[in-house]
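# Structural characterization, general
If you want the building blocks of each chain, they are given just below.
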Amino acid sequence: MNTPSRSERLDLHRPIPYTSALVVFVLAIHGLSGARALGRLSWLGAWVWNRPRWMKIAAGGQSADLVDGGEWWRLATSAFVHADLAHVLFNGLGLWALGQLLEPRVGGRRLWSWFAIGAVGASVASHLAGISQSDGASGGAFAWMGAAVALGWRWRRRFHDDAWLLGPGLWLVAIGNLVLSVVVPRIDAVAHAAGLGLGLILGALCREDRPALGVVAGAFLFVCLWGWTVGLP
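Residues numbered from 1 in each chain as written. Predicted model: local features only at pLDDT ≥ 70, side-chain atom pairs only at ≥ 80, totals over all residues. Heavy atoms only, no water.

Within the secondary structure, Ser63 sits in the loop between helix H3 (53-58) and helix H4 (64-68). A polar side-chain atom of Ser63 sits 2.8 Å from a polar atom in the side chain of Arg53. Beyond its immediate sequence surroundings of up to four residues, Ser63 is in contact with Arg53, Ile57, Arg74 and Ser132. (Helix = DSSP H or I, 4+ residues; strand = E, 2+ residues; numbered from the N terminus. Polar contact = N/O pair within 3.5 Å; in protein donor to acceptor, adjacent residues only side chain to side chain. Contact = heavy atoms within 4.5 Å.)

Structure representation (structure tokens):
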């Protein structure tokens, strides 16, 4: 006779290599772009304080006039360009925390694809909204948050003991971040809302029994590498 299965628990101690690789990549691009600017800026200006517009554009940042001029690849590379040290650290910590919830359940390749869809979707939304410059990994991070909210609702019975974290806890974090996006200057609320919305859709459609091929993530990385090596002057 089969006994009923117990409620599963979230395992926050399992390795998350794909999330770790993404966070390292985000930090590495911040470091390398700062190193390129050391001839014109101090180390504080290059890595810590708010970066000038020319520096972000030189690193692949989004710029409405350049995107309209054919440099569409900036809609992807801008996900790895950050305004200052606080910006990149905040996004990196957000990705790390969400990756702990998601990667053990949905897999790293699917998570990278979700990041790519959220990041590019957020960039496109900002561009269409008329925002002249919008950079950072927050569009991808908000996509992860939206996916976690949707999956938390779907998994509310499976993870009964962790229902608060996957349900009201994540909703409070998502709503709080959206409110901050609106009231704090220099934060792109359009990108955050677009990333969150895309993540909700991705989480609602996710099938754990279907392995992710990583095609979207691969195409995203290819476009980024092409932009940095061929597209930039």
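So, next bit.
In this section: the packing of aromatic side chains. For any pair of aromatic rings, geometry is given as the distance between the ring centres together with the angle between the planes. Inspection of the entire model under this criterion finds eight aromatic pairs. Aromatic side chains Phe80 and Phe220 sit 5.8 Å apart centroid to centroid with 35° between the ring planes, which places their arrangement in the tilted category. Of this pair, Phe80 sits in the loop between helix H5 (74-77) and helix H6 (85-106) while Phe220 sits in helix H11 (residues 215-231), and the two are 140 residues apart along the sequence. Across the pair, exposure class does not vary: Phe80 and Phe220 are buried alike. Here Phe115 and Trp144 contribute two aromatic rings whose centre-to-centre distance is 6.3 Å and whose plane-to-plane angle is 70°, an arrangement assigned as edge-to-face. With Phe115 in helix H7 (residues 108-128) and Trp144 in helix H8 (residues 138-154), the pair connects residues that are 29 residues apart, well separated along the chain. Both residues of the pair, Phe115 and Trp144, belong to the buried class. Through successive ring pairs, a cluster of aromatic residues spans Phe25, Phe80, Phe115, Trp144, Phe220 and Trp228. When the ring centre of Trp54 is taken as origin, the NZ or CZ atom of Arg40, which lies over that ring, is 3.7 Å away. (Phe/Tyr/Trp six-rings, centres within 6.5 Å; stacked < 30°, edge-to-face > 60°. Buried < 20%, exposed > 50% of the residue type's maximum accessible area, 1.4 Å probe, protein only. Lys NZ or Arg CZ within 6 Å of the ring centre and 35° of its normal.)

Each pocket or cavity is described by its volume, and for the largest pocket that value is around 1000 Å³. Taken together, 44 residues line the largest pocket, and the ones lying closest to its centre are His87, Asn91, Ser138, Ile187 and His192. Among the secondary structure elements, those contributing two or more residues to the lining of the largest pocket are H6, H7, H8, helix H9 (163-183) and helix H10 (189-205). Taken together, the residues that form the lining of the largest pocket break down as 21 nonpolar, 18 polar and five charged. Estimates place the volume of the second largest pocket at around 260 Å³. As for the second largest pocket, its lining consists of 15 residues, of which Arg110, Trp114, Leu202, Cys206 and Ala212 are closest to the centre. When contributions to the lining of the second largest pocket are tallied by element, the ones reaching two or more residues are H7, H10 and H11. Looking at side-chain class alone, the lining of the second largest pocket contains ten nonpolar, two polar and three charged residues. (1 Å grid on protein atoms, 1.4 Å probe; cavity = no way out; pocket = protein on both sides within 12 Å on 5 of 7 lines; lining within 4 Å. Points joined across faces, edges and corners; volume = space filled by probe spheres on them. Nonpolar A, V, L, I, M, F, W, Y, C, P; charged D, E, K, R; others polar.)

Positionally, Ser33 belongs in helix H1 (residues 17-36). Classification of Ser33 by relative accessible area gives buried; the value is 12%. Those residues in contact with Ser33 that lie beyond four places of it in its chain are Arg51, Met55 and Ala59.

Attention shifts here to the nonpolar core. Counting 41 residues, the largest nonpolar core has Phe80, Leu95, Trp114, Phe115 and Trp144 as its most contacted members. When residues of this core are traced back to their parent elements, those giving at least two are H1, H6, H7, H8, H9, H10 and H11. With eight residues, H8 is the single largest residue contributor to this core. Beyond its immediate stretch of four places on either side in the chain, Trp144 contacts Thr19, Leu22, Leu95, Leu98, Gly99, Leu102, Leu111, Trp114 and Phe115. (Core = buried A, V, L, I, M, F, W, Y, C linked by side-chain atoms within 4.5 Å.)

Okay, H1 next. With 20 residues, H1 extends 28 Å from end C-alpha to end C-alpha; this agrees with the ideal 28 Å at 1.5 Å per step. Restricting attention to buried positions, one finds in H1 the residues Thr19, Leu22, Val23, Val26, Ile29, His30, Ser33 and Gly34. Along the axis of H1, the buried positions cluster into a sector of 130°, meaning they face one direction only. Among the exposed residues of H1, those oriented more than 90 degrees off its buried face are Pro17, Val24, Leu32 and Arg36. Against the buried residues of H1 lie helix H2 (43-47), H3, H6, H7, H8 and H11. (Expected span 1.5 Å × (residues − 1). Arc of directions from axis to C-beta.)

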